[in-house]
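Observations on the three-dimensional arrangement
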Amino acid sequence: GQTHGQAGMVPPPPAPSDYPNLGRIIAVSSGKGGVGKSTVAANLAVALAQAGHRVGLMDADIYGPNIPRMFGVFEKPPVVQGKIQPLAAWGVKLMSLGFLVDRDAPAIWRGPIIMKIVQQFLRDVDWGELDYFIVDLPPGTGDAQLSLVQSCQVSTALIVTTPQEMAVGDALRGARMFERVNVPVAGVVENMSAFVDASGRRVEMFGSGGGQRLAEELGVPLLGSVPLQPGLADLADHGKPVLSAEGDSPAAVALRNLAKREIG
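Residues numbered from 1 in each chain as written. Predicted model: local features only at pLDDT ≥ 70, side-chain atom pairs only at ≥ 80, totals over all residues. Heavy atoms only, no water.

1. Notes on the overall build of the protein
Stated formally: We count a stretch as a helix when DSSP gives it H or I for four or more residues in a row; a strand needs E for two or more, and each element gets its number in order from the N terminus. Whether a residue is buried, partly exposed or exposed follows from its accessible area with a 1.4 Å probe, protein chains only, as a fraction of its type maximum: under 20%, in between, or over 50%, in that order. Whether two residues are in contact is decided by their heavy atoms, any of which lying within 4.5 Å being enough. Method for areas: the Shrake-Rupley scheme with a 1.4 Å probe, in which residue coverage is limited to the protein chains shown.
The secondary structure content of the protein amounts to ten helices and eleven strands. The 264 residues of the protein split such that 49% are buried. The contacts in the protein between residues at least 6 apart in sequence include a share of 77% that link residues at least 24 apart. Roughly 12400 Å² of accessible area belongs to the protein as shown, and the carbon and sulfur atoms make up 54% of that amount.

So this is what it looks like as structure tokens:
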């Protein structure tokens, strides 16, 4: 008979399910927190919606769900026939843990819980038919990232970084993680690049070139540099993505161009 040399092998991870209704799944990732990853994810979603696409945005950042605040949406999502109905703002369908737990609840989520939440947000939310599904991931390379790539076919990943060299090492690790699980990294988005003042003068407040260096190291394009601009954080705090509130500003133009490249 045949000898079975397979004993003791680790079972393979669950095969990613097909979610053809979600369209192109774009993961937005960063090596560390505070680089404006959610700002990029939110405005990319709004730009795609403004261009006439059907867009969903899943906030998988369990520790600091910023998406509700950025879209000015805080109510509890209704459940219809066992499916959670996403909330919507600025033409984007939204789901976030921030809708389901109290804002001040301590986020002491452990790995298995995070994996379940990511899977639930894919399976139990009534997303309908989408063209683009943007996922705002927590910073770093942890359970949420792995759960996402194991649960669905991620089309592409965007890595958000800042011009400081220090942020680059962390972002590099994140990009390598996607490479290991065969998710192509579309490119790097450098956020908080130069500050452009009223006269159009560029001031590099956080150093320069980090995004370009990271892109070169990964062998992917630098997809865009989003300049710092006054009032950007303030708009986010008031639930107004910059693309909806100040559509002609330098940051909005950079984010819209990023969306255009994404549609490609």
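2. A word on the packing of aromatic side chains
Heads up, the condition is: Any Phe, Tyr or Trp ring, taking Trp's six-membered ring, that has another such ring centre within 6.5 Å forms a pair; planes under 30 degrees apart are called stacked, those over 60 apart edge-to-face, and the others tilted.
In total, this model carries one aromatic pair according to the counting rule given. Between tryptophan 127 and phenylalanine 133, the aromatic rings sit 4.8 Å apart at their centres with planes inclined by 80 degrees, giving edge-to-face as the arrangement. A single burial state applies to tryptophan 127 and to phenylalanine 133, both of which are buried.

3. So, the pattern of salt bridges
Note the threshold: What counts as a salt bridge is simple: a side-chain nitrogen of Lys or Arg found within 4 Å of a carboxyl oxygen of Asp or Glu.
By the definition in use, this model includes five salt bridges. Notably, a salt bridge pairs aspartate 136 with lysine 37, separated by 2.7 Å at the nearest N-O pair. Taken together, the residues aspartate 136 in strand β7 (residues 132–136) and lysine 37 in helix α1 (residues 37–50) connect sequence positions 99 residues apart. Taking the relative accessible area as the measure of exposure, lysine 37 reaches 5% and is therefore buried. Overlapping salt bridges, with partners in common, bring together Lys37, Asp61 and Asp136 in one network.

4. Topic: the environment of phenylalanine 71
Relative to the elements of secondary structure, phenylalanine 71 occurs in helix α2 (residues 67–71). A C-alpha to C-alpha distance of 8.7 Å links phenylalanine 71 and alanine 88, two positions 17 residues apart in sequence.

5. Some words on the pairing of β7
Note the threshold: Two strands qualify as a pair provided that DSSP identifies no fewer than 2 bridges between them.
With five of its five residues buried, β7 lies for the most part within the structure. Burial along β7 is two-sided: the residues Tyr132, Ile134 and Asp136 and Phe133 and Val135 are all buried. In this sheet, β7 lies alongside strand β2 (residues 55–59) in parallel orientation, the contact comprising five bridges. Among the inter-strand pairings, leucine 57 is bridged to a residue of β7, identified as isoleucine 134.

6. Details of unusual backbone geometry
In this structure, tryptophan 90 is a non-glycine residue whose phi angle is positive, near 55 degrees. Along the polypeptide, tryptophan 90 turns up in the loop between β5 (87–89) and β6 (92–96).

7. Some words on the confidence of the model for the protein
Caution applies to low-pLDDT regions: their predicted coordinates should not be interpreted in detail. Let me state the cut-off plainly: Per-residue confidence from the predictor is reported as pLDDT, a score between 0 and 100.
On average, residues of the protein score 77 in pLDDT, and 68% of them are at 70 or above. Taken element by element, the protein is modelled with least confidence in helix α9 (residues 242–245), mean pLDDT 54, and with most confidence in β2, mean pLDDT 95.

8. What to know about the pairing of β2
The buried fraction of β2 amounts to five of the five residues, a majority that puts the element mostly inside the structure. Here β2 shows a buried face lined by Val55, Leu57 and Asp59 and a second buried face lined by Gly56 and Met58. For β2 and β6, the ladder comprises five bridges, and the chain directions are parallel. Paired with glycine 56 across the two strands is lysine 93, which belongs to β6.

9. Some points on α1
Selection criterion: Given a helix with a known number of residues, its expected span is that number minus one, times 1.5 Å.
The first and last C-alpha atoms of α1 sit 20 Å apart over 14 residues, in line with the 20 Å expected at 1.5 Å per residue. Here α1 lies mainly inside the structure; 13 of its 14 residues are buried. At the exit of α1 stands glycine 52, carrying a positive phi of roughly 95 degrees.

10. Regarding the environment of isoleucine 67
Looking at where isoleucine 67 falls in the secondary structure, it is placed in helix α2. Judged by relative accessible area, isoleucine 67 falls into the buried class, the value being 0%. Taking the C-alpha atoms as reference, isoleucine 67 lies 6.9 Å from serine 96; in sequence the two are 29 residues apart. Aside from chain neighbours lying at most four places away, what touches isoleucine 67 is Ser38, Ala42, Leu57, Asp59, Leu94 and Asp136.

11. Overview of the side chain of serine 96
Heads up, the rule is: Here a polar contact is recorded for every N or O atom pair within 3.5 Å, except that within protein the pair must consist of a potential hydrogen donor and a potential acceptor, and residues adjacent in sequence are included only if both atoms are side-chain atoms.
With respect to the helices and strands, serine 96 occurs in strand β6. Classification of serine 96 as buried rests on a relative accessible area of 0%. For serine 96, the side chain forms a polar contact with the side chain of aspartate 59, separated by 2.9 Å. Those residues within four positions of serine 96 in sequence are excluded, and the remaining contacts are Asp59, Pro65, Pro68 and Phe121.

12. Concerning the packing of helix α4 (residues 111–123) against helix α5 (residues 143–151)
Our working definition: Each axis is a line fitted through C-alpha atoms, and for a helix only the stretch in contact is used; angles between axes span 0 to 180 degrees, taken between their N-to-C directions. Roughly parallel covers angles under 35 degrees, roughly antiparallel covers those over 145, roughly perpendicular covers 65 to 115, and oblique covers all other angles. Each crossing gets its hand from how the near helix is turned against the far one by less than a right angle, where anticlockwise is left-handed and clockwise is right-handed. Residues are grouped as follows: Ala, Val, Leu, Ile, Met, Phe, Trp, Tyr, Cys and Pro are nonpolar; Asp, Glu, Lys and Arg are charged; all remaining types, including Gly, are polar.
Close contact between α4 and α5 brings their axes to 9 Å; oriented N to C, the two are set at 40 degrees. Between α4 and α5, the angle falls in the class oblique. The two elements α4 and α5 meet at a crossing, and its hand is right-handed. Judged by residue contacts, Gly111, Ile114, Met115, Val118, Gln119 and Leu122 of α4 engage Asp143, Ala144, Leu146, Ser147, Leu148 and Ser151 from α5. Taken together, the residues that form the contact of α4 with α5 break down as seven nonpolar, four polar and one charged.

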